[in-house]
Amino acid sequence: MSGQPASACPACGAPLAPWRTVPGSDPALLGDYELARCESCGTAVTLAPVPVQAHEAGAYGGGVPRGAGIAAPVLRAFDRRRLRQLARAGAIPPGRLLDVGAGRGRFVAQARAAGWYAHGIEPSRRGVEGARALGIELVSAGIDDAEVPAASLDAASLWHVLEHVEDPGAALDRIAGWLRPGGMLVVGVPNLASVQARLGGGRWYHLDVPRHRTHFTTAGLQTLLQSHGLQPVSTCHLLAEHNPFGLWVSLVSRATRVPSWLYHALKRNAPLRSRDALITVLALPLAPLAVLAEAVFGLAGRGGTVSVVARRV
Ligand SMILES: [Zn+2]
């Protein structure tokens, strides 16, 4: 797999300039990674190629996360929130919905429960097998090789996927071609223009270098969608799914040895008994403040992640 072209912004096409060097975000992917940033829209790219198997190692190594049973109802509520954003933009069931990069099929299940004729594609074997164990059959394919009939979808979801692909413009071209004219795409990505990105610096939770190839700003994402036949109709920064946790972990991560220790501990990718555990426990009382702060940042359009619904023109 090749790295991003180092010369042009993948979001808006303006020139890139060297920006900063950041540590790998996963104990399994140690090292320093150079980022370049767009002089126009502020989007950044990870310059080094993504290591082979990066999406099967470390926090992405598989297995059921710690606390998955407790988290399940909360995660279902987040999925319903994503469906509501689609509905508010006019994408309501029944209809054909595809979750692109469907993980373990959680959103597909929720969309079906809401009345969608929903399916998912997922490139990782771990995801497809995890979904099967939950009774959801995903198609084992990535955006490049999925066989989806042209103009066959009423809605699509691309949730924390676009930042992982090598060529986000080409990915959007493919997905736009699968949507019927007027069909809706909901896209969620981390927001490099967020307050938490600034506070977290090289240890921002949602940086996830080197797996994240493009670090979008809201402006960059909107420009990219528009230039690939997808007209943004709604943008949301108030996302309980990722934003308060991202802010809190990013701040705690500045003091822990393992970046984002709690996340990696839940993913069975960091030792439970450690100094980092103590630091994390001591920081727990700050969590409600992170919820409040992200609400304020979100209302100001500076939330840690952003979701945009765009209409296929
Ligand atoms: Zn740009």
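Structural data are supplied above this passage.
These lines cover the structure that appears in this document, whether it is placed above or below. Every chain is numbered on its own, with residues counted from 1 as its sequence reads. With the structure being a predicted model, the display of local features is reserved for residues of pLDDT at least 70 and the display and counting of side-chain atom pairs for 80 or more, all residues being used for whole-chain, interface and lining totals. The basis for the side-chain values is all heavy atoms of the structure; hydrogens and waters are excluded.

Comments concerning the coordination of the zinc ion
Here comes step 1: Taken together, the protein ligands of the zinc ion are Cys-9 (SG), Cys-12 (SG), Cys-38 (SG) and Cys-41 (SG), with distances of 2.3 Å.
Here comes step 2: Coordination at the zinc ion is tetrahedral: its four donor atoms span angles of 99 to 117 degrees at the metal.
Here comes step 3: Counting residues between consecutive donors of the zinc ion along the chain gives the motif C-x2-C-x25-C-x2-C. On the criterion of sequence distance, the pair formed by Cys-9 in the segment before β1 (16-23) and Cys-41 in the loop between β2 (32-38) and β3 (44-46) is long-range, its members being 32 residues apart. Grouping residues by exposure puts Cys-9 and Cys-41 together as buried. Donor atoms (N, O, S) are those found within 2.8 Å of the metal centre, with the cutoff raised to 3.2 Å for Na, K and Ca; water is not part of the atom list, so apparent gaps in a site can occur. Metal sites are grouped by the angles between bound donors: all angles between 85 and 135 degrees with four donors is tetrahedral, opposite donors over 155 degrees apart with the others between 65 and 115 is square planar for four donors and octahedral for six, and any other pattern is irregular. The helix and strand labels rest on DSSP assignments: H or I over at least four residues marks a helix, E over at least two residues marks a strand, and numbering proceeds from the N terminus. Partly exposed describes any residue whose relative accessible area lies between the buried limit of under 20% and the exposed limit of over 50%, with all areas from a 1.4 Å probe on protein chains only and scaled to the type maximum.

Some thoughts on the pairing of strand β7 (residues 153-159)
Here comes step 1: With respect to burial, β7 is a largely interior element, six of its seven residues being buried.
Here comes step 2: DSSP bridges decide pairing: two strands pair if at least two such bridges lie between them. Pairing geometry for strand β4 (residues 96-100) and β7, over three bridges, is parallel. When the sheet's bridge partners are listed, Leu-98 is paired in β7 with Ala-156.
Here comes step 3: Bridging between β7 and strand β8 (residues 179-190) involves six bridges; their strand directions are parallel. The residue bridging Leu-153 from the neighbouring strand is Leu-179, located in β8.
Here comes step 4: Crossover handedness is defined by viewing with both strands directed away from the observer: a clockwise path from the first strand over the helix to the second marks the crossover as right-handed. Crossover β7 to β8 through helix α4 (residues 168-178) is right-handed.

Considerations on helix α10 (residues 287-299)
Here comes step 1: Here α10 is 13 residues long and its end C-alpha atoms lie 19 Å apart, about the 18 Å a rise of 1.5 Å per residue gives.
Here comes step 2: Looking only at α10, the buried set comprises Ala-290, Glu-294, Phe-297 and Gly-298. One side of α10 holds all its buried residues, which, seen down the axis, span an arc of 95 degrees. Opposite its buried face, α10 presents the exposed residues Pro-288, Leu-289, Leu-292, Val-296 and Leu-299, each directed more than 90 degrees away.
Here comes step 3: Residues count as neighbours in contact if any of their non-hydrogen atoms are within 4.5 Å of one another. If you follow the buried residues of α10, they end up packed against α5 (195-200) and α7 (243-253).
Here comes step 4: Gly-301 lies just past α10 and shows a positive phi near 75 degrees. Working rule for helices: expected span equals 1.5 Å times residues minus one. Within this analysis, the arc is defined by the directions that extend from the helix axis to the C-beta atoms.

Functional significance is not addressed by these values, which are geometric in nature.
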